[in-house]
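# Examination of the molecular architecture
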Amino acid sequence: MMRVFLILLAVIAATTLLGLAIAEQSGYVLIAYKGFRYESSLWVALALVLLLGLLIYGVRLLVRVLGASGGWVNPWSRRHRNRRARVAAHHGLRDLAEGQWASALRHLRRAAQADPQPLVYYLGAARAASELGEVEQSNELLEQARILEPTAEVAIGLTQAQLQMDRGHSAEALQTLEALHRQQPRQRQVLRLQQQLYAQRQEWSGLCRLLPALRKYKVLGEAELGELERGAWAAAVQQAGQQGLNQGEAALQPLTEQWQRIPSALRHAPELVQPYAEQLRLLGEPEQAETVLQAAIKRHYDARLVYLYGRVRGSDPARQLQAAEVWLKAHAQDPVLLLTLGRLCLLNQLWGKAREYFEASLRFNRSAEACAELARLLARLGDMERSNALFQEGLQLLDQALPGLPQPARADL
């Protein structure tokens, strides 16, 4: 209230001073130009100038108001176009998240056509079209996105590959990703999807070729990468061995070539030696398998390799048995080694010694294989009663590992 009073007082004082100034000195203004002549007092001239200024300001304000109101009224104005684009984008993204593919496609196409940065809307519309089975339309939308956003090739390519994967076209997706990888070799998401597709398609050689890039660009953690690396090379070795089974005289060549591709630091890993030796055995090279296994076990004792050592037949069974008995000094209570020794004794026709090893293996672990081996040996030696008992025990042990049988329906009484 005091503030209003002070302002009013200031206005009255200014008006009073202005009136005194006008009364004391009216001034004189003369404007003459050719035939035009204007005369008035100074204060009247100033009032006219002020009035002209207010008139110009009022005209400009009126034009602005009319233009703004025209924007509100005109349905094709920029204001309305932008509002429609925002609404379409909002509805399209919501429909996409909810799986309303037809509605999402319609709204996102509209939003893409109106927005100056339409990439995300084209990608969403392409996904919606793909979900509707409109593959050609989906590809057209992605191509339109490439034309309008040429620098977004990675985002567009990843979307295309993911849509191809969703449709079950893994070969096409892999081609898309390989092309992207050639353009952007450091792109981690491209590498990650390539890794998943190679594993899904069991293209182990391709995955093995990708491993150095996965390591270089740290796509996976060290532990996860190490596990993937060993698993991929092991699967590649096994695949090469199976390929060789159908090649007659050149059967060993794919396996040997694949083994040579493995980095030297990994060739001693039990996870790789085991499938390599197993494929050598299956390809009719048990002597070479025995040599590989013996060298690997000397370097690092592993039960998987020891088990396989008992299933290969080297060139000298007696020497093979002697080599395995050396490991007994450090692993006298390993049931797998005892089972292997029993099998090697069978190869050397040492029936009593084989029996001792099988019985020792069973003391440490009641396994179905040890039961079967000892039962077979006892049957050969004439102890049919104990042989049958062991066969029964072995069957029971196997039965425990099998899925349960469905119970028969009870008949109504």
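The structure presented is a predicted model; accordingly, all values stated were derived computationally and were not measured. (Residues numbered from 1 in each chain as written. Predicted model: local features only at pLDDT ≥ 70, side-chain atom pairs only at ≥ 80, totals over all residues. Heavy atoms only, no water.)

### Here's the deal with the overall build of the chain
Worth spelling out the cut-off: Secondary structure elements are defined from DSSP: runs of H or I of at least 4 residues count as helices, runs of E of at least 2 residues count as strands, and each element is numbered from the N terminus. Only protein chains enter the calculation, and the probe is 1.4 Å; a residue is then buried if its accessible area is under 20% of its type maximum, exposed if over 50%, and partly exposed in between. Note on definitions: a residue-residue contact is assigned when non-hydrogen atoms from the two residues lie within 4.5 Å. Calculation of accessible area relied on Shrake-Rupley with a 1.4 Å probe; when residues are assessed, cover is drawn exclusively from the protein chains displayed.
Helix and strand counts for the chain stand at 20 helices and two strands. Buried positions account for 37% of the 413 residues belonging to the chain. Taking all contacts inside the chain whose residues are at least 6 apart in sequence as the whole, residues at least 24 apart take part in 46%. If you sum the accessible surface of the chain, you get close to 25,800 Å²; carbon and sulfur atoms cover 56% of it.

### A short note on the side chain of Arg343
Summarising the element assignment, Arg343 is placed in helix α17 (residues 335–347). The class for Arg343 is buried, based on a relative accessible area of 9%. Setting aside its immediate chain neighbours within four residues, Arg343 contacts Tyr307, Gly310, Arg311, Phe358, Glu369 and Glu373.

### Some points on the packing of aromatic side chains
Using the following cut-off: Aromatic rings from Phe, Tyr and Trp, with only the six-membered ring used for Trp, were paired whenever their centres fell within 6.5 Å, and each pair was classed as stacked if the ring planes differed by under 30 degrees, edge-to-face if by over 60, and tilted otherwise. Two thresholds decide whether a charge sits over a ring: the Lys NZ or Arg CZ must be within 6 Å of the ring centre and within 35 degrees of the ring normal.
Using the criterion set out here, one finds two aromatic pairs in the structure. Judged by centre distance (4.0 Å) and plane angle (5°), the rings of Trp259 and Tyr276 are stacked. Of the two residues, Trp259 is situated in helix α12 (residues 252–261) and Tyr276 in helix α13 (residues 270–282); the sequence distance between them amounts to 17 residues. Per residue, the accessibility class of Trp259 equals that of Tyr276, and both read buried. Pairing Tyr309 with Trp327 gives two aromatic rings, centres 5.0 Å apart and planes at 65°, and the pair type is edge-to-face. Here the residue Tyr309 occupies a position in helix α15 (residues 303–309), and Trp327 occupies one in helix α16 (residues 317–327), the gap between them amounting to 18 residues. By relative accessible area, which is 8% here, Trp327 ends up buried. In this structure, Arg380 is placed above the aromatic ring of Trp351, and the distance from its NZ or CZ to the ring centre is 4.5 Å.

### A closer look at the pattern of salt bridges
What counts is decided by this rule: Within this document, salt bridges are pairs made up of a side-chain nitrogen of Lys or Arg and a carboxyl oxygen of Asp or Glu, the two lying within 4 Å of each other.
All chains considered together, the criterion is met by 16 salt bridges. In this structure, Lys353 engages Glu325 in a salt bridge whose closest nitrogen and oxygen atoms are separated by 2.8 Å. Highlighted residues: Lys353 in helix α18 (residues 351–364) and Glu325 in helix α16, separated in sequence by 28 residues. Overall, the relative accessible area of 22% leaves Glu325 in the partly exposed class.

### A look at a positive patch on the surface
Going by this rule: Here, patches come from residues exposed beyond 30% relative accessible area and free of salt bridges, joined within 9 Å for like charges and within 5 Å for nonpolar side chains (Val, Leu, Ile, Met, Phe, Trp, Tyr). Under the counting rule used here, the positive set is Lys and Arg, the negative set is Asp and Glu, and His together with the chain ends is not counted. In this description, the location of a charge corresponds to atom NZ of lysine, CZ of arginine, CG of aspartate or CD of glutamate.
A contiguous patch of positive charge, built from Arg83, Arg84, Arg86, Arg106 and Arg110, is present on the exposed surface. Of all the elements in the fold, those that place two or more residues in the positive patch are α3 (78–98) and α4 (101–114). If one sorts the elements of the positive patch by residue count, α3 sits on top with three residues. Within the secondary structure, Arg83 is located in helix α3.

### Concerning a nonpolar patch on the surface
Taken together, the side chains of Leu52, Leu55, Ile56, Val59 and Val63 make up a nonpolar region of the molecular surface, amounting to roughly 480 Å² of accessible area. Structurally, Ile56 is set in helix α2 (residues 42–73). The class for Ile56 is partly exposed, based on a relative accessible area of 47%.

### Regarding the side chain of Ser130
As a reminder, the rule being used: Pairs of N or O atoms are called polar contacts if they sit within 3.5 Å, as long as, within protein, a hydrogen donor faces a hydrogen acceptor (for residues adjacent in sequence, only side-chain-to-side-chain pairs).
In this structure, Ser130 sits in helix α5 (residues 119–131). Owing to a relative accessible area of 10%, Ser130 belongs among the buried residues under this scheme. Looking at Ser130, its side chain comes within polar contact range of the side chain of Arg167, at 2.7 Å. Residues contacting Ser130, with those up to four places away along its chain left out, are Ser138, Leu163 and Arg167.

### Focus on unusual backbone geometry
Notably, Gln202 is not glycine yet its phi reads approximately 55°, a positive angle. Along the chain, the position of Gln202 falls in the loop between α9 (188–200) and α10 (204–216). Positioned with a positive phi, Gln349 is a non-glycine residue whose angle comes to about 60°. Secondary-structure assignment places Gln349 in the loop between α17 and α18. On the basis of relative accessible area, Gln349 is assigned to the exposed category, the value being 55%.

### Comments concerning the confidence of the model for the chain
Threshold: Scored from 0 to 100, pLDDT reflects the predictor's confidence in each residue.
Put simply, the chain has an average pLDDT of 85, and 84% of its residues get 70 or more. Considering only residues more than four positions removed or in separate chains, one finds that residues 70–78, a stretch of pLDDT under 50, has 11 contacts.

### Quick look at the packing of helix α7 (residues 153–166) against α9
Heads up, the rule is: Axes here refer to lines fitted to C-alpha atoms; in helices the fit is confined to the stretch in contact. Angles between the N-to-C directions go from 0 to 180 degrees. What sets the label is the angle itself: under 35 degrees gives roughly parallel, over 145 gives roughly antiparallel, 65 to 115 gives roughly perpendicular, and the rest give oblique. For any helix crossing, the convention is left-handed if the near helix is rotated counterclockwise from the far helix by under a right angle, and right-handed if that rotation is clockwise.
Where α7 meets α9, the closest approach of the two axes is 11 Å, and the angle between their N-to-C directions is 20°. Taken together, the axes of α7 and α9 are roughly parallel relative to one another. Here the hand of the crossing between α7 and α9 comes out left-handed. In contact with Leu158, Gln162 and Met165 of α7, α9 contributes Gln189, Val190, Leu193 and Leu197.

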